[in-house]
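# Analysis of the macromolecular model
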Amino acid sequence: MTAQVIDGKAIAARVRQRIGERVAELKAKGVTPGLAVVLVGDDPASRVYVGMKKKNCIELGMYSADHELPESTSEADLLALIGQLNADERVHGILVQLPLPSHIDSDKVLEAISPDKDADGFHPFNVGRLAIGKPTFQPCTPYGVMVMLDEIGYDLTGKEVVVVGRSNIVGKPVALMCLARHATVTICHSRTKDLAEVVRRADVVIAAVGKAEMVKGDWIKPGAVVIDVGINRVGEKKLVGDVEYAAAAERASAITPVPGGVGPMTIAMLLQNTLESAERKLRQ
Ligand code: NDP
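Rules and cut-offs
Residues numbered from 1 in each chain as written. Predicted model: local features only at pLDDT ≥ 70, side-chain atom pairs only at ≥ 80, totals over all residues. Heavy atoms only, no water. UniProt positions renumbered as here; feature names shortened; annotations may be inferred. Helix = DSSP H or I, 4+ residues; strand = E, 2+ residues; numbered from the N terminus. Buried < 20%, exposed > 50% of the residue type's maximum accessible area, 1.4 Å probe, protein only. Contact = heavy atoms within 4.5 Å. Core = buried A, V, L, I, M, F, W, Y, C linked by side-chain atoms within 4.5 Å. Near = heavy atom within 4 Å. Polar contact = N/O pair within 3.5 Å; in protein donor to acceptor, adjacent residues only side chain to side chain. Areas by Shrake-Rupley, 256 points an atom, 1.4 Å probe, with all protein chains shown as cover. Nonpolar A, V, L, I, M, F, W, Y, C, P; charged D, E, K, R; others polar. Expected span 1.5 Å × (residues − 1). Arc of directions from axis to C-beta. Phe/Tyr/Trp six-rings, centres within 6.5 Å; stacked < 30°, edge-to-face > 60°. Lys NZ or Arg CZ within 6 Å of the ring centre and 35° of its normal. Axes fitted to C-alpha atoms, helices over the stretch in contact; angles between N-to-C directions. Parallel < 35°, antiparallel > 145°, perpendicular 65-115°, else oblique. Left-handed = near helix turned anticlockwise from the far one by under 90°. Pairing = 2+ DSSP bridges.

Moving on, we get to the UniProt feature "binding site: NADP(+)" (unreviewed entry) in the protein chain. Look at the UniProt record and you will see "binding site: NADP(+)" (unreviewed entry) annotated at Gly-165, Arg-166, Ser-167 and Ile-231. In this fold, Gly-165 is placed in the loop between β5 (160-164) and α7 (171-180). Look at Gly-165 and you get buried, because its relative accessible area is 10%. Not counting residues up to four positions away in its chain, the partners in contact with Gly-165 are Gly-171, Ile-187, Cys-188 and Ala-208. Its location among the elements puts Ile-231 in the loop between β8 (225-228) and β9 (232-234). Take Ile-231: its relative accessible area is 55%, and that puts it in the exposed class.

Here's what the structure looks like:
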């Protein structure tokens, strides 16, 4: 069997196109969706992400507010800025780029963001709503995974999903989203016994570990769908996922590549969350 390659770049482009159409509709009603991105310090990778977010925002006709603050910014000053953005009518989504410098308490900052503008979906209030199955901001990477499954027409009802990784940004929320779609979900982590045997049961494997190719191809049940969230640098330039891609692709029915799989979805879903926030505001 040769797996269908799930093309994240193409799916993200379709998501962006649909967002652009809805932005135009909102603008016709007098509302321009706005995203505020806050970057503290000079981390080069964060700077690249923030630049991409801004570019995408502008291309789709959204309002983009950038706040680039020096490494030495105090926690109090950052909290004051968040307070201003919470009150700013032009801003429907606020994203604070992580990691923050070590003298700032990230949890305190994320909790200061209004739950109504929580474009990343990390506020405990929204995490709670996700857990109890209420509509809310959905964390961007897991939301992207769900859209990819939708795009290949995959119905999770009654399926065995095995999530490898239990982080708050990927593993746990993606597991909750699969549960909401009536899958039978197992969450694995570093203490899981006999990971290979658990993964062998899966109709859908979602790997979010951060270890190059640790999920082996022969663990994949023939016909399973494989979603690889991992991004691991090998050597100078090469990127690989958490799944042994070539061997897994021989057994899976569909698989996401790395790069070009889940990666491109994350920013698209951030913009989707900002759009949905502006639409909710209009309905209020
Ligand atoms: P974390 O480091 O926060 O979590 C990793 C998880 O993997 C932990 O739950 C850990 O278990 C588990 N784990 C570690 N080793 C093993 C093992 N040997 N067997 C089973 N489970 C193990 O990572 P993130 O969730 O933040 O990210 C995961 C990967 O996804 C990374 O490669 C990251 O770069 C990528 N990523 C990609 C994004 C995208 O846009 N595509 C966005 C976010 C992340 P324990 O809890 O027990 O320690």
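Next comes the rest of the write-up.
Val-145, Leu-156, Ile-206 and Ile-227 are the most contacted members of the largest nonpolar core, which has 51 residues in total. Looking at this core element by element, the count peaks at eight residues for helix α10 (residues 263-283). With residues up to four places along the chain from it excluded, the contact list for Ile-227 reads Ile-6, Val-145, Leu-149, Val-205, Ile-206, Ala-207, Thr-256 and Val-262. Leu-195, Ala-196, Val-199 and Ala-202 belong to the second-largest nonpolar core, a separate cluster that totals 21 residues.

What follows covers the site of the ligand. In the vicinity of the ligand there are 22 residues, among which Arg-166, Ser-167, Ser-190, Ile-231 and Thr-266 approach most closely. Take His-189: an N or O atom from its main chain is 3.4 Å from a nitrogen atom of the ligand. With respect to the ligand, the backbone of Ile-231 contributes an N or O atom lying 3.0 Å from an oxygen atom. For the ligand, the protein covers 70% of the area, taking 930 Å² as the surface of the free molecule. Among the residues making up the shell around the ligand, the classes are represented as ten nonpolar, ten polar and two charged.

In this model, helix α1 (residues 8-28) (21 residues) spans 30 Å end to end at C-alpha, consistent with the 30 Å of a helix rising 1.5 Å per residue. Of the positions making up α1, those classed as buried are Gly-8, Ile-11, Ala-12, Val-15, Ile-19, Val-23 and Leu-26. All buried residues of α1 project into a common sector of 115 degrees when viewed along the axis, lining one side. Across α1 from its buried face, at more than 90 degrees, point the exposed residues Gln-17 and Ala-28. Lining the buried residues of α1 we find α6 (140-151) and α10. Of the residues that open α1, the one with a side-chain oxygen 3.1 Å from the backbone nitrogen of Lys-9 is Asp-7.

The next point concerns the packing of aromatic side chains. Applying the stated criterion across every chain, the model contains zero aromatic pairs. One residue, Lys-159, lies across the ring of Tyr-154, its end atom 5.3 Å from the ring centre. When the ring centre of Phe-137 is taken as origin, the NZ or CZ atom of Arg-280, which lies over that ring, is 4.6 Å away.

With that out of the way, let us pick up the UniProt feature "domain: Tetrahydrofolate dehydrogenase/cyclohydrolase NAD(P)-binding" (unreviewed entry) in the protein chain. In the UniProt entry, the feature "domain: Tetrahydrofolate dehydrogenase/cyclohydrolase NAD(P)-binding" (unreviewed entry) is given for residues 139-281. Structurally, residues 139-281 comprises 36% helix and 18% strand, and the distance from its first C-alpha atom to its last is 19 Å.

To continue, consider the packing of α6 against α7. For the pair α6 and α7, interaxial distance at closest approach is 8 Å and the crossing angle is 40 degrees. The angle between the axes of α6 and α7 places the two elements in the oblique class. Between α6 and α7 the crossing geometry is right-handed. Contacts from Pro-142, Tyr-143, Val-145 and Met-146 in α6 reach Pro-173, Val-174, Met-177 and Cys-178 in α7. Split by residue class, the contact of α6 with α7 holds eight nonpolar, no polar and no charged.

We now examine the pairing of strand β7 (residues 204-207). Burial of the side chains of β7 extends over both faces: Val-204 and Ile-206 are buried on one face and Val-205 and Ala-207 on the other. Looking at chain direction, β5 and β7 are connected through four bridges and run parallel. Of the residues in β7, the one forming a bridge with Val-163 is Ile-206. As defined by bridge partners, β7 adjoins β8 across four bridges and the pair is classed as parallel. Residue pairing in the sheet places Val-205 in a bridge with Val-226 of β8.

Below, the discussion takes up unusual backbone geometry. Between Leu-98 and the following residue, Pro-99, the backbone shows a cis peptide bond with an omega angle of 5 degrees. With an omega of 0 degrees, the peptide bond between Val-258 and Pro-259 qualifies as cis. Within the secondary structure, Pro-259 sits in the loop between β11 (254-255) and α10. Of note, His-182 is a non-glycine position whose phi angle comes to about 70 degrees, a positive value. Mapped onto the elements of the fold, His-182 is located in the loop between α7 and β6 (184-188). A positive phi angle, close to 50 degrees, is found at Glu-213, a residue other than glycine. Inspection of the secondary structure puts Glu-213 in the loop between β7 and β8. When its relative accessible area of 30% is taken as the criterion, Glu-213 is described as partly exposed.

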